[in-house]
Amino acid sequence: MEEVPEDSSNRMALPPQEDSSSSQQSHFKPSKRSRSSVLVGPPQKKKKRKSSRRRPSARVGYHIHEAEDMLLIVPNLEEPAPRAHRKKACHLRKLARPKVQQSKCHQPRRVENPNNADLSLVQGRQSSPQDSTTLGPGWGDHIPLEILVQIFQVLVASEGAVPFLCRAARVCRLWYDAASHSVLWQKVSLAPPWPSRSKGPPSKLEKRILSSLEWLVPNRFSLLRELSLSHWKNYVPLMLKAVSESCPHLASLKLSHCQSVTAEALVTLPRACPQLDSLNLQNSQVESAAVVGFLEAAGKQLRQLWLTYSSQMTSIISSLSNGCCPQLQVLEVDTGIKPNSQHFQLHIEALQAGCPQLQVLRLLNLVWSPKMGGRGVPLGPGFPDLEELCLATSTITYVSDEVLHRLLHRSPRLRVLDLRGCARLTPAGLASLPCPDLEQLHLGLYGSVIWVALPKEGSPLLTWKWHRTLQELDLNGQCYHEEDLKQALIAFSSTESGHSPILRSLNLKGTQVTVASISSVISSCPALSYLNLSSCRYLPRGLKKAYRGQAEIQWCLDQLLTAT
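These remarks concern the structure in this document. (Residues numbered from 1 in each chain as written. Predicted model: local features only at pLDDT ≥ 70, side-chain atom pairs only at ≥ 80, totals over all residues. Heavy atoms only, no water.)

What follows deals with the overall build of the chain. Scanning the chain from terminus to terminus reveals 19 helices and 24 strands. A burial count over the chain gives 41% of its 564 residues as buried. Within the chain, counting contacts between residues at least 6 apart in sequence, those at least 24 apart form 73% of the total. In the structure as shown, the chain presents an accessible area of about 31900 Å², 51% of it carried by carbon and sulfur atoms. (Helix = DSSP H or I, 4+ residues; strand = E, 2+ residues; numbered from the N terminus. Buried < 20%, exposed > 50% of the residue type's maximum accessible area, 1.4 Å probe, protein only. Contact = heavy atoms within 4.5 Å. Areas by Shrake-Rupley, 256 points an atom, 1.4 Å probe, with all protein chains shown as cover.)

The next thing to look at is the pairing of strand S16 (residues 360-363). Taken together, the four bridges between strand S14 (residues 330-334) and S16 define a ladder with parallel strand orientation. Within S16, the position partnered with valine 330 by the bridge is valine 360. Pairing analysis gives three bridges linking S16 to strand S18 (residues 388-390), with the strands arranged parallel. Each bridged residue has a counterpart across the sheet, and for valine 360 the counterpart in S18 is glutamate 388. (Pairing = 2+ DSSP bridges.)

Ranked by internal contacts, the top residues of the largest apolar core, which has 124 residues, are Leu295, Leu320, Trp368, Leu389, Leu417 and Ile518. Residues in contact with leucine 417, not counting those within four places in the same chain, are Leu389, Leu408, Leu430, Leu433, Leu438, Gln440, Leu441 and His442. (Core = buried A, V, L, I, M, F, W, Y, C linked by side-chain atoms within 4.5 Å.)

This part takes up the side chain of threonine 511. As for its placement among the helices and strands, threonine 511 is situated in the loop between strand S22 (505-507) and helix H18 (515-524). In terms of polar contacts, threonine 511 uses its side chain to reach the backbone carbonyl oxygen of leucine 508, at 2.6 Å. Once residues within four sequence positions are removed from consideration, threonine 511 is found in contact with Leu475, Gly477, Gln478, Leu485, Ser535, Cys536 and Arg537. (Polar contact = N/O pair within 3.5 Å; in protein donor to acceptor, adjacent residues only side chain to side chain.)

As for its position among the elements, alanine 298 is in helix H11 (residues 288-298). Along the backbone, alanine 298 and threonine 268 are 30 residues apart, and their C-alpha atoms lie at a distance of 9.6 Å.

Take the packing of helix H8 (residues 204-220) against helix H9 (residues 236-246) next. In the contact formed by H8 and H9, the axes pass within 9 Å of each other and the chain directions differ by 20 degrees. Considering the angle they form, H8 stands roughly parallel to H9. Between H8 and H9 lies a crossing of right-handed hand. Touching Leu210, Glu214, Val217 and Pro218 of H8 are Leu238, Met239, Ala242, Val243 and Ser246, all from H9. (Axes fitted to C-alpha atoms, helices over the stretch in contact; angles between N-to-C directions. Parallel < 35°, antiparallel > 145°, perpendicular 65-115°, else oblique. Left-handed = near helix turned anticlockwise from the far one by under 90°.)

Below, the discussion takes up the pattern of salt bridges. Applying the stated criterion to the full structure yields ten salt bridges. A salt bridge links glutamate 402 to arginine 406, with the nearest nitrogen and oxygen atoms 3.7 Å apart. Taken together, the positions of glutamate 402 and arginine 406, both in helix H14 (residues 401-408) and four residues apart, correspond to about one turn of that helix. Given the relative accessible area of 5%, arginine 406 is considered buried. Put simply, glutamate 472 and arginine 504 hold a salt bridge, and the shortest N to O gap is 3.5 Å. Taken together, the residues span a long stretch of sequence, with glutamate 472 in strand S21 (residues 472-474) and arginine 504 in the loop between helix H17 (482-489) and S22 at a distance of 32 residues. (Salt bridge = Lys/Arg side-chain N within 4 Å of Asp/Glu carboxyl O.)

With that out of the way, let us pick up H9. Buried within H9 are the following residues: Val236, Met239, Leu240, Ala242, Val243 and Ser244. Lining the buried residues of H9 we find strand S9 (187-190), H8, strand S10 (226-230), strand S11 (252-256) and helix H10 (263-272).

Below, the discussion takes up the packing of aromatic side chains. Throughout the structure, instances matching the rule amount to five aromatic pairs. Here the aromatic rings of phenylalanine 152 and phenylalanine 164 are separated by 5.4 Å at their centres, their planes lie at 90 degrees, and the arrangement is edge-to-face. With phenylalanine 152 in helix H5 (residues 145-159) and phenylalanine 164 in helix H6 (residues 164-168), this residue pair connects regions lying twelve residues apart in the sequence. Exposure remark for phenylalanine 152: the relative accessible area of 2% places this residue in the buried category. On the numbers, 5.3 Å between centres and 75 degrees between planes, the contact of phenylalanine 152 with tryptophan 175 is edge-to-face. With phenylalanine 152 in helix H5 and tryptophan 175 in helix H7 (residues 173-179), this pair connects stretches of sequence that are 23 residues apart. An aromatic cluster is present here, built from Phe152, Phe164 and Trp175 joined pairwise through their rings. (Phe/Tyr/Trp six-rings, centres within 6.5 Å; stacked < 30°, edge-to-face > 60°.)

Note on placement: alanine 290 falls in helix H11. Residue alanine 290 is classed as buried on the basis of its relative accessible area, which comes to 2%. Considering only alpha carbons, one finds alanine 290 and isoleucine 316, 26 residues apart in sequence, at a separation of 9.9 Å. Among all residues touching alanine 290, those that are not within four sequence positions of it are Thr262, Ala263 and Leu266.

Attention now goes to the pairing of S10. The buried fraction of S10 amounts to four of the five residues, a majority that puts the element mostly inside the structure. Of the strand pairs in this sheet, S9 and S10 are connected by four bridges, and their pairing is parallel. Among the inter-strand pairings, lysine 187 is bridged to a residue of S10, identified as glutamate 226. Where S10 and S11 come together, five bridges link them in parallel fashion. What sits directly across from serine 228, in S11, is lysine 254. For the crossover from S10 across H9 to S11, the handedness is right-handed. (Right-handed = clockwise from strand over helix to strand, strands pointing away.)

Structural data, given as C-alpha cells:
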C-alpha cells in the first residue's frame, strides 16, 4: 500500500507492478507513454494532443481510498475487464453525455471504495451518482431569492446600503433581483462622490451622477425610512424634492455639514412624508426661517430635533415654547467644533409648557442663562417624562441649584444627569432633587473655567441617596477631601436589605481617594468594569491610571493589597 499526501496538487501515482524496484518508488514523474497513470488532485489545464497519441486506459488496476489526511492507492485483486474498442466507446460516450457548462476546478472525481461502492465527491461533499454525471450551476443559482435577501439584510445592517447594493446588483441576474428588493433600501446614507463646488455649472460627471440619483430615488427608495446626507454643498434641494415625491414612508432625515438648504425644500417634506418625525440639522447651514417653517409644518408629528446653535436660535426656541411641536421627545442643541461664546436666555417654564412630553434635553457646551422668574412666580409644569438631562459645558456656566430645581422639580423618571463643568452646583442641591432612580451621575470637571469655590464636603449625600440604583459615577477633578470621599465610597460597600451595589463605572481622576477606600469599593462591586485612578495623589506609583475590564481591576486590587 502506498501513501500519497493529499496536499500535492500536481502529483502522479502509478499502479503497482511486479518489479520490486518500481514498487519502492511512491512518487515520480511518469513517462508520456504510460497508459495506467491517473491524476490525483485538482485537474490541471491540458495541452492539445496530437491525434496519433494514444489516451490512457479508463480502467486501472487500483482504486483510491481517502483517509483523514492522505490518499491511499490500493491495488485491485480482480483481473481488469478487457478494454472495449476505443473509438467506438468514445463516440458513444460523447453522444450520451449531456452538455453541461462547468468550471474545470469543480469537475468531480470518480473513485471506488474497497466495498465496490460508488462515491462521487463534488466540491468536498458526498452526493449521488447522478450528481457526478450531471452537475448543475453554482450555489448562487440554486439559493432562493428570499434567503439571498435575508443575507443582504445582514450586510446592509453592518456595511450600509450604498455602495454594497449597487455593486451586488452587477454580479448576476439573481443578485440584481435581490439587490432591487425595496426592503433593503430602508436606511441609506449618501455622501457626494464628486468634489463639491460652490459655484459654476455641473460637470459631465456630476450630471451623470445626478441622473443616476434621479433614477435611484423613484426605483429603489419606495420604502425608505432613514436618509442621511453628509457634506453636500450643492443639489440638496433637488435631492429633497425627489425624496418628497417618491418616499412617503420617510421617518428620519439627517443633513450633516450640508449647505444650500432652502426653506421650500424643508417645508414640503412634512406634507409629503406624514411619518417624518426626526430631523437632524447639526453642523449644516440652514436659515432659522427654514427651520421655523419646518416646525410649523411638521406640528404634532415631530418627535426628535437636533440643531447646532446659531445667532438665530432664539426664534427657534420661541417657536417650540409656543407649542408648535407638543409631542417633541428629544431636543439637542450643541455648538459644533468651533467654540461659541454667544449668550442666549432660555425661558424654562415656557419650554416646559410647549414641550410637555420631552424625554431627552441636551444643551451641550452652550452659554445660556434662564430668564429670571422671581420668588413670587410659581414653578412651571416641569418635564414629567424627562429621562435624560445633559448640561455639560467647558465654558462659563450659569447653572445653579435654583436653576436645576426649576428644570427637574417634577421629573421622577430621570435616569441620566450629566452636569460636567457645572461648578456652581452643591451636593446639598443635588441631593434635594426628586429623582429617586438616578442611574448615571456625571459631575466631572474637564477643562472648565473654574472661577468659583468648589465644595470640599458633602459627597456622601450623593452616594447614600443613589447607591442602590447608581451605575455610573463621575467625580473627575472634584475637591472633596479624603475623609469625605471615604464616607462617600462606604455607601457602595454596604449590603443593606440584601441589595448589592450595581456600580459599573467609577471615575475618581484627580481626587484624594485613598488605598483603603478604593480597595473596599473594588471588593464590594463585582460589576465594576471601568475605574479611573489617574492623578490620584494618595495612591502608589504605577497604579495611577485607567482600568478597563474586570481582569485589570482585579489586578489593581491585588497590587493595592500588596502595597498596603
